[in-house]
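What the coordinates show
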Amino acid sequence: MPLKIPPLRNGLSFFIKIGRRHPKTLFTAITLAMVWLFCLPRPLFDVPLSFVVEDEDGHLLSARIAADGQWRFPPAPVPQRYADCVVAFEDKRFWYHPGVDPIGLARALWSNLQRGRKVSGGSTLTMQVIRLARGNPPRTVWEKMVEIFMATRLELTYSKREILSLYAAHAPFGGNVVGLEAACWRYFGKSPEALSWAEAATLAVLPNSPALIHPGRNRERLLQKRNRLLERLRQQGKLTDDACALAQEEPLPEAPLPLPDLAPHLLDRLAKRQPKRSGGRFQTAIRQHWQRQMTDIADRWQALYRGNGVHNLAIVVIEVPSGLVRAYVGNAPNAGADHGEQVDIVAAPRSTGSILKPFLYAMAMEDGLLLPHGLLEDVPTQMGHYRPENFRADYDGVVAAHRALARSLNVPFVRLLQDYGVEKFHFDLQRLGLSTFPKPPSHYGLSLILGGGEANLLEVTNAYAGMARRLDAWYDRNGRYDAYDFRPAQLLANMPSPAPRLQPQPNGPGAAAIWFAFEAMQRVERPSGAGEWEVFQNSRRVAWKTGTSIGFRDAWAIGATPQYAVGVWVGNADGEGRSGLIGVEVAAPVLFDAFNVLPNNGRWFDPPYDDMTRAPVCRQSGYRAGPYCEADTPWIPRKGLLTPVCPYHQLLHLSADGQWQVNSDCAQPSDMLHQPWFVLPPLQEHYYIRRNPAYRPPPPLHPNCPQQTATDEHRPMQLIYPRDLRRIYVPIDLDGQPSRVVFQLAHRRPATEVFWHLDGEYLGSTRHFHQMALLPPVGQHVLTVVDEQGYRIEQPFEIAGRKRR
């Protein structure tokens, strides 16, 4: 009698009755159901995958072979053209069956019986996925039953499209090529979406006989199978007669092609974030055509520099508004393994040279320490054991701050850092996103501004982009700052942009300080190897800066516009220095080549007038105008109102003919001329007058007037060396004898005779060139110099070393 099934509400009692009457049957059924339910392994495919990096549109940039030596890309959606081909060839009822095709199995069984051997397996694409997931075991009846059992479970878990994607990602395509995407690039040099009908048909039939792909082996069989599939597609209406005929004329692929490798260092950088076996697909913010153009630029310039023993070069391009990295050339593509081609220079910390000077310039201006045209001291300087020098080892005496930045003078910026504070600057650099200064500020000292620390190209370029972002968005935010202006650069396209955190005070330089820094950086110049001033001019306005590390090991050039920030580094990965490896000569040409291929809308930054004010400024010194200055009223940063007034303009009391300075001890006030005068201290004047012949030193004191205690501005002479130096270390010559110490003095009137004394003993006199080479013994000494008018300087010092017995 047929079994009557009770209503659903009585179902539990029904199964209880069945269990009592047939317990083994129920147990077996439940066991089979549980086995079926949990029969799929997790994960389904436990195989290593390749690392793949793509551009923002999904185009392949670079890939790395999987840990087991196979080219096996992560699963991806299957294009419709290939789907039509593989379904027509492998499983024409794929879209309708539940994982098993009874009609196909019956047909395969009948064919095998007729032929007396196995000619068809009747496997569906779903069953083939199960077979691939199980490691392609021997084909047996039991294995076929297992595949049928698991295929029905797979259909319950995955959609048809997902099953097709799993098949395409793990099917063998000959040699060490696994998966559709790897096969497309290896055999046709294109993505799956770009396949023609003939190419898609070739790859559809290939997993059935992967060995047919080898050049010179069974090529005719592969061609026949492909063309039969194309004919079947024509019969199904997928292809027109003409399209089918043209597709059948296409040749088969030849030897495997190399995969694209436009961003190998970026791929390695991203792959470090993942376990090696897991593989991964990274969709970056890179634009493929820019990446290719930047790679070509790097290759071309590296080929030129190679003759001078310079082998490595890196370029990075960041989109300013979004912070997205649009090009990442970690190293010149043909540098060679012997020269560190594999080193990712973009991520490698390197000595910064002068590349950090714009940050100090803007921060000091934000702190109210200087104005754009304010004079900075530029004279020989000794700070303890540290003695900074300018690139050309000459000095200006004093120089306007914007000119010091444009010419990248070292001494003014070391002095500026001393005034600003090493600890404060070190902290500011970390807030700008520079993570490569882990040691305390005292470790770097004042050399921090001249390359005493290391930074990587990506972070420094991103900091320049942050300054441009802050300045460009000033008006959009109604004069408020975004805390994320100096956020890390975004390498991946799918990283969410941080929500704005607007605040009235900046976590870096303000808009006005940045604007004045960028104005100075548009006129960057630096002495060339031939000793001439070389200035780059370009139709595109770019705020840019170069840097050269000590020993000519690192050459930098970084520039920013409202749209892009570009960073370039040139040198040797192993740190070998080369003559002529100077930022303005080797990195700057690459920088402007890179800018020339980027789009240019001609826009420049608007002045942030809301962060500026007009104020009287001394025309000669660039300080806030004092009572004796000739003043202009330019725009300055609001914080510029905190800067001191001009210290150089003095009111001099002159004789009636204006030839002498006088005082109340030798002249009546009614007979004096009171005239404002731009007065520099003798040491600054000594160097300043060489470049500024129009400078007028103050008149000398009248012989009849008694001397008074004078400040540096009124002294007629000043020591150049030793200056504020208490201890002198004397080097030893090649003959083992100590060198002589050259003492030097600056006098307002070089023709004046100066008398030199050491420890009270007269040594001699000088005119015009006030230098004296001495060999004082080890110990304490006092140097005394007196000019013919009686002005006197005493300087105690110590010669360090061991006293000879």
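Residues numbered from 1 in each chain as written. Predicted model: local features only at pLDDT ≥ 70, side-chain atom pairs only at ≥ 80, totals over all residues. Heavy atoms only, no water.

**Observations regarding the pairing of strand E1 (residues 51-54)**
Residue alternation in E1 divides its side chains into two sets, Phe51 and Val53 and Val52 and Glu54, and both sets are buried. As paired strands, E1 and strand E5 (residues 280-283) are joined by 4 bridges and run parallel to one another. Across the sheet, Val53 pairs through a bridge with Phe282, a residue of E5. Counting the residues in the hairpin turn of E1 and strand E2 (residues 60-64) gives 5 residues, including Gly58, whose phi is positive at 85°. (Buried < 20%, exposed > 50% of the residue type's maximum accessible area, 1.4 Å probe, protein only. Helix = DSSP H or I, 4+ residues; strand = E, 2+ residues; numbered from the N terminus. Pairing = 2+ DSSP bridges.)

**Observations concerning the pattern of salt bridges**
In this structure the tally under the stated criterion is 32 salt bridges. Close ionic contact of Arg72 with Asp68 constitutes a salt bridge, the shortest N to O distance being 3.1 Å. Two residues, Asp394 and Arg691, come together in a salt bridge whose shortest N-O distance is 2.7 Å. With Asp394 in the loop between strand E9 (375-378) and strand E10 (397-400) and Arg691 in helix H22 (residues 682-691), the pair connects residues that are 297 residues apart, well separated along the chain. You can call Asp394 partly exposed: its relative accessible area is 25%. Its relative accessible area of 37% is what places Arg691 among the partly exposed residues. By sharing partners, the salt bridges in this structure join Glu56, Arg287, Glu319 and Arg326 into a single network. (Salt bridge = Lys/Arg side-chain N within 4 Å of Asp/Glu carboxyl O.)

**Details of the nonpolar core**
Core analysis: the biggest nonpolar cluster contains 86 residues, and Phe359, Phe425 and Phe518 have the highest contact counts within it. For this core, the element with the highest residue contribution is helix H20 (residues 511-521), accounting for 10 residues. Dropping the residues within four chain positions of it, Phe359 is found in contact with Phe425, Leu429, Leu432, Val460, Ala463, Tyr464 and Met467. (Core = buried A, V, L, I, M, F, W, Y, C linked by side-chain atoms within 4.5 Å. Contact = heavy atoms within 4.5 Å.)

**Here's the deal with the state of the cysteines**
One pass over the full model with this rule turns up 1 disulfide. Linked covalently through their sulfurs, Cys666 and Cys705 form a disulfide whose S-S length is 1.5 Å. Measuring the twist about the S-S bond at about 70°, one finds the Cys666-Cys705 disulfide to be right-handed. With Cys666 in the loop between strand E23 (649-654) and strand E24 (673-678) and Cys705 in the loop between H22 and strand E25 (717-721), the pair connects residues that are 39 residues apart, well separated along the chain. (Disulfide = S-S within 2.5 Å.)

**Section: the sheet that holds E2**
As summarised here, the arrangement of the 3 strands in space is E2-E1-E5, forming an open sheet in which the pairing is mixed. Sheet topology places E2 and E5 at the edges, where each strand pairs with a single neighbour. Recorded for the sheet is a direction-independent mean angle of 10° between the axes of neighbouring strands. (Axes fitted to C-alpha atoms, helices over the stretch in contact; angles between N-to-C directions.)

**Brief notes about H22**
Since there are 3.6 residues in each turn of an α-helix, residues three or four apart along the chain are aligned in direction. Every buried residue belonging to H22 is among Pro682, Leu683, Gln684, Glu685, Tyr687 and Tyr688, and all of these are buried. For H22, the elements touching its buried residues are E9, E10, E24, E25 and strand E27 (741-747).

**A closer look at the packing of aromatic side chains**
Note on aromatic pairs: each is described by the distance of the centres and the angle between the planes. One pass over the full model with this rule turns up 18 aromatic pairs. Aromatic pair Phe518 and Phe605: ring centres 5.4 Å apart, planes at 50°, arrangement tilted. Placement of the pair is Phe518 in helix H20 and Phe605 in the loop between helix H21 (583-597) and strand E19 (612-614), with a sequence separation of 87 residues. Here Phe518 and Phe605 have matching classes, each one buried. Taken together, a centroid distance of 5.5 Å and an interplanar angle of 85° make the contact between Tyr688 and Tyr695 edge-to-face. Taking relative accessible area as the criterion, Tyr688 reaches 14% and is therefore assigned buried. Of the residues examined, Tyr695 reaches a relative accessible area of 9% and is grouped as buried. Through a chain of ring-to-ring contacts, the aromatic side chains of Tyr623, Tyr648, Phe678, Tyr688 and Tyr695 assemble into a single cluster. A cation sits over an aromatic face here: Arg696 above Trp677, 4.2 Å from the ring centre. (Phe/Tyr/Trp six-rings, centres within 6.5 Å; stacked < 30°, edge-to-face > 60°. Lys NZ or Arg CZ within 6 Å of the ring centre and 35° of its normal.)

**Structural notes on the packing of helix H19 (residues 457-472) against H20**
Orientation of H19 relative to H20, taken along the N-to-C sense of each, is 120°, at an axis distance of 9 Å. It follows that H19 is oblique to H20 by the angle criterion. Remark: the crossing between H19 and H20 carries left-handed chirality. Contacts between H19 and H20 involve Tyr464, Met467, Ala468, Arg470 and Leu471 on the former and, on the latter, Ala511, Ile514, Trp515, Phe518 and Met521. Tallied by class, the residues present in the contact of H19 with H20 amount to 9 nonpolar, no polar and 1 charged. (Parallel < 35°, antiparallel > 145°, perpendicular 65-115°, else oblique. Left-handed = near helix turned anticlockwise from the far one by under 90°. Nonpolar A, V, L, I, M, F, W, Y, C, P; charged D, E, K, R; others polar.)

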